[in-house]
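Given next are the chains, with one letter for each unit.
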Amino acid sequence: MAYRQIHIAVLDTDIPCHRVYAKRGFYSSQFRYLLAAAAQRINKSEYKPLSGSLSVHVTAFDVVGDALPPFQGLRADAWSSTETQSARFPGPVDAILVTGAAAAVYDGLHWIPGLRSYLRKVYSDYPLVRIFGSCFGHQLIGEALLASDQAYTSKGCSFKVSVGLSSHGHEIGIHPIALNPAFVSNFPPLARFSHQPFHMQLIHGDAVISSPESPVSMEALLPEPWLNMGSSQKCPIQGLYQPGRVLTFQGHFEFDAFATAELCHKFADTFSWSPAVLASHLENIERSKVPGKEDDDDSKAAAEAVLLFFAGEDQV
């Protein structure tokens, strides 16, 4: 079977909290570790990729310092098994990953407009490069590619897509996510979640919003061919998926209870939460903790789905 290395450009849009950084490094380093582990699991699984065994190479870019992958380094031709790949020369970039950040997409920070424009150009001019975003990345991608002054029409309804403060307040910790069956059908690692809730750490106060906003019991509308990943009680749009092109998660498969709790303490200082509010959020975060073991959530399945998407192995 052929060997295939997936070259992922991870765009660091923030620096982790000090204790998280001291233990695990930058977000790009954390994604490198988790996606490499996902590749090992996939290569041993029943859904082995048709393109061959997978490995991961990550190149990190400091977006806040105005570093972005050069366009000439992005994949412009379909992958071939004859490509020369090595750890030092990974080949063209197959995928762009935008990390989470404490920033909001509407903040007046110098680097956000450039990143927004960059993502639009990659989307329009480099169809072989896949785009993924986590939390802030999810929201920025939603704003860059879907937000418009013109309304969309779907299922007889007119609506707009935007990013802003969630009307349901902060969503933090482990909350059940009901995945969209149409989304799940593209990702074998997620098959078991067709009939059971999906869980990964959440920590956000902003959201991608389809307005007029539908009741949580109803599907949030998106323009075709986009799909909503799923919904929780507080967040009707938990991710965006355009088959073959774009995938985003509002949640963090890269966060465990330790990392989320550290960021939660930072949120508490920023938003002047009372001790009772902080304690409530920490209780939600710790729902995934298992003494002496890895957290009991679905982050591994999420990482496998993301890597299969990067490899072009989602069932489109």
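These notes cover the structure that comes with them.

What counts, and at which threshold
Residues numbered from 1 in each chain as written. Predicted model: local features only at pLDDT ≥ 70, side-chain atom pairs only at ≥ 80, totals over all residues. Heavy atoms only, no water. Axes fitted to C-alpha atoms, helices over the stretch in contact; angles between N-to-C directions. Helix = DSSP H or I, 4+ residues; strand = E, 2+ residues; numbered from the N terminus. Parallel < 35°, antiparallel > 145°, perpendicular 65-115°, else oblique. Contact = heavy atoms within 4.5 Å. Nonpolar A, V, L, I, M, F, W, Y, C, P; charged D, E, K, R; others polar. Salt bridge = Lys/Arg side-chain N within 4 Å of Asp/Glu carboxyl O. Buried < 20%, exposed > 50% of the residue type's maximum accessible area, 1.4 Å probe, protein only.

1. Some remarks on the packing of helix α2 (residues 27-43) against helix α8 (residues 299-310)
- The contact between α2 and α8 brings their axes to 9 Å, and the two run at 85°. Of the possible angle classes, the one that applies to α2 and α8 is roughly perpendicular. Judged by residue contacts, L34, L35, A38, A39, R41 and I42 of α2 engage K300, A303, E304, V306, L307, L308 and F310 from α8.
- Class assignment of the residues belonging to the contact of α2 with α8 gives a composition of 10 nonpolar, no polar and three charged.

2. Thoughts on the environment of V161
- When you line up the elements, V161 lands in strand β6 (residues 157-165).
- Spatially, the C-alpha atoms of V161 and L222 are 7.6 Å apart, while their sequence positions differ by 61 residues.
- The contacts of V161, once residues within four sequence positions are left out, are L146, A147, S148, Y152, V208, I209, L222 and P223.

3. Topic: the pattern of salt bridges
- If you walk through the whole model with that rule in mind, you get nine salt bridges.
- Measuring nitrogen to oxygen at the nearest pair gives 2.8 Å for the salt bridge that ties E143 to R116. Taken together, the residues span a long stretch of sequence, with E143 in helix α4 (residues 136-146) and R116 in helix α3 (residues 112-125) at a distance of 27 residues. Accessibility assignment for this pair places E143 and R116 in one class, buried.

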